[in-house]
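# Structural description and commentary
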Amino acid sequence: MQILSAAPAPGASDPPRNPAPGVGRRRPFAMFATGLLAAGCLVVVSCSSVSRVPATGETPPASSEPEPAAEPEIVRETPSPATPSDSQGLTEEEIRALPPEVDSGSDILDISALSLEELKALAPLRDIGFDYDSAELASDARATLQENAEWLSSHPEVRILIEGHCDERGTVEYNLALGEERARVVRDYLGQLGIAGERMRIISYGKEFPLDPAHDENAWRKNRRAHLEIIAK
């Protein structure tokens, strides 16, 4: 038996059909895609403002740019002051400029290469001064004789003549006697300091050979003296 499907009633409207796939759903999808794109742009912008230091907890490396080198400090040398030596408060420069016979306390002069005149010109022995009408040795005269004795002890080959001198006042005879007494006193004191008597001779010139020819107290003080002259070496 053949079963026939029932036909729709005349005038009835057709039931609605299912829309074709994708038809009628495009607008919501487009809105969703637009929102997703906007969110992605926001994420990109936010990431670009974040520091790029790796999250390791370490301090970022210092800048590779070299620091400017510090300028070297200029040190100015200050000349040291001259240091006094042990030789009568003189500096080393002053000692080198002195003649060899007064160089230092050791003061040992090699006189073997010097002539007698050259040795006399060096004048290593100092004169002894006296007061007016006196043959007594003052304290400064004794100190000078001590220095002379040290030099003579360092040069035992040297022989000396001790000259007695006076100023112009008084007679010739009186001054000759006074000059001799002054020379003898000097010789005796050097003998006490260890200088052998055979190395010394004495003579008196009185007022005949003044050191200063002026006629005043300053000149007279210079002329009252005993002069030690080297006569052999």
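Residues numbered from 1 in each chain as written. Predicted model: local features only at pLDDT ≥ 70, side-chain atom pairs only at ≥ 80, totals over all residues. Heavy atoms only, no water.

### Focus on the overall build of the protein chain
- Helix and strand counts for the protein chain stand at six helices and four strands.
- Listing the helices and strands of the protein chain from first to last along the sequence gives α-α-α-β-α-β-α-β-α-β.
- Going through the 233 residues of the protein chain one by one, you find that 24% of them count as buried.
- Intrachain contacts of the protein chain at a sequence separation of at least 6 include 71% that bridge at least 24 residues.
- Accessible surface for the protein chain amounts to roughly 17,500 Å². Of this, 56% is attributable to carbon and sulfur atoms. (Helix = DSSP H or I, 4+ residues; strand = E, 2+ residues; numbered from the N terminus. Buried < 20%, exposed > 50% of the residue type's maximum accessible area, 1.4 Å probe, protein only. Contact = heavy atoms within 4.5 Å. Areas by Shrake-Rupley, 256 points an atom, 1.4 Å probe, with all protein chains shown as cover.)

### Topic: the pairing of strand E4 (residues 225-232)
- Judged from the two bridges that link them, strand E1 (residues 128-129) and E4 form a sheet pairing that is antiparallel. Looking at E4, one finds that Ile-128 is bridged to Ala-226. (Pairing = 2+ DSSP bridges.)

### Some thoughts on the sheet that holds E4
- Taken in spatial order, the four strands make up an open sheet running E1-E4-E2-E3, and their pairing is mixed. One side of each edge strand has no neighbouring strand; the edge strands of this open sheet are E1 and strand E3 (200-206).
- Each of E1, strand E2 (159-165), E3 and E4 is contacted by helix H5 (residues 172-192), which is oriented at about 155 degrees to E3, the strand it contacts most. (Axes fitted to C-alpha atoms, helices over the stretch in contact; angles between N-to-C directions.)

### Concerning the pairing of E3
- One ladder, built from six bridges, connects E2 with E3; its direction is parallel. Along E3, the bridge assignment pairs Gly-164 with Ser-204.
- With H5 bridging E2 and its parallel neighbour E3, the resulting β-α-β unit is right-handed. (Right-handed = clockwise from strand over helix to strand, strands pointing away.)

### Brief notes about the environment of Ile-111
- The residue Ile-111 is located in the loop between helix H2 (92-97) and helix H3 (116-122) in this model.
- When the C-alpha atoms of Ile-111 and His-155 are compared, they prove to be 8.4 Å apart, with 44 residues separating the residues in sequence.
- Residues contacting Ile-111, with those up to four places away along its chain left out, are Leu-119, His-155, Glu-157, Val-158 and Lys-233.

### Some remarks on H5
- With 21 residues, H5 should cover 30 Å at 1.5 Å per step; its first-to-last C-alpha distance of 31 Å lies within 8% of that length.
- All of the buried residues along H5 are Asn-175, Leu-178, Gly-179, Arg-182, Ala-183, Val-185, Val-186, Tyr-189 and Leu-190. All buried residues of H5 lie within an arc of 155 degrees about the axis, which places them on one face of the element. Away from its buried face, by an angle of more than 90 degrees, H5 presents the exposed residues Glu-173 and Gln-192.
- Residues of H5 that are buried make contact with E1, helix H4 (139-154), E2, E3 and E4.
- Looking at the residues trailing H5, positive phi occurs at Gly-194, about 105 degrees. (Expected span 1.5 Å × (residues − 1). Arc of directions from axis to C-beta.)

### Considering the pattern of salt bridges
- What the rule picks out here adds up to 10 salt bridges.
- Across the pair Lys-222 and Asp-212 runs a salt bridge whose closest N-O atoms are separated by 3.4 Å. Pair noted here: Lys-222 is in helix H6 (residues 217-223) and Asp-212 is in the loop between E3 and H6, with a separation of 10 residues, a long-range link.
- Residue Asp-212 is classed as buried on the basis of its relative accessible area, which comes to 17%.
- Three or more residues joined by partner-sharing salt bridges are found here, namely Asp-167, Arg-169, Glu-217 and Arg-224. (Salt bridge = Lys/Arg side-chain N within 4 Å of Asp/Glu carboxyl O.)

### Structural notes on the nonpolar core
- Ranked by internal contacts, the top residues of the largest apolar core, which has 27 residues, are Ile-128, Leu-137, Ile-160, Ile-162, Val-186 and Leu-190.
- Counting only elements with at least two residues in this core, the list comes to H4, E2, H5 and E4.
- Top element by residues in this core is H5. It accounts for six residues.
- Look past the residues within four positions of Ile-128 in its chain and what remains in contact with it is Leu-137, Ala-141, Thr-144, Leu-145, Asn-148, Val-186, Arg-224, Arg-225, Ala-226 and Leu-228. (Core = buried A, V, L, I, M, F, W, Y, C linked by side-chain atoms within 4.5 Å.)

### Quick look at the packing of aromatic side chains
- Considering all chains together, one arrives at one aromatic pair under this definition.
- Summarising the aromatic geometry, the rings of Tyr-205 and Phe-209 are spaced 5.1 Å apart at their centres and angled 90 degrees between planes, so their arrangement reads as edge-to-face.
- Here Tyr-205 falls in the partly exposed class, since its relative accessible area comes to 23%. (Phe/Tyr/Trp six-rings, centres within 6.5 Å; stacked < 30°, edge-to-face > 60°.)

So far we have only geometry, and geometry alone does not tell us how the molecule works.
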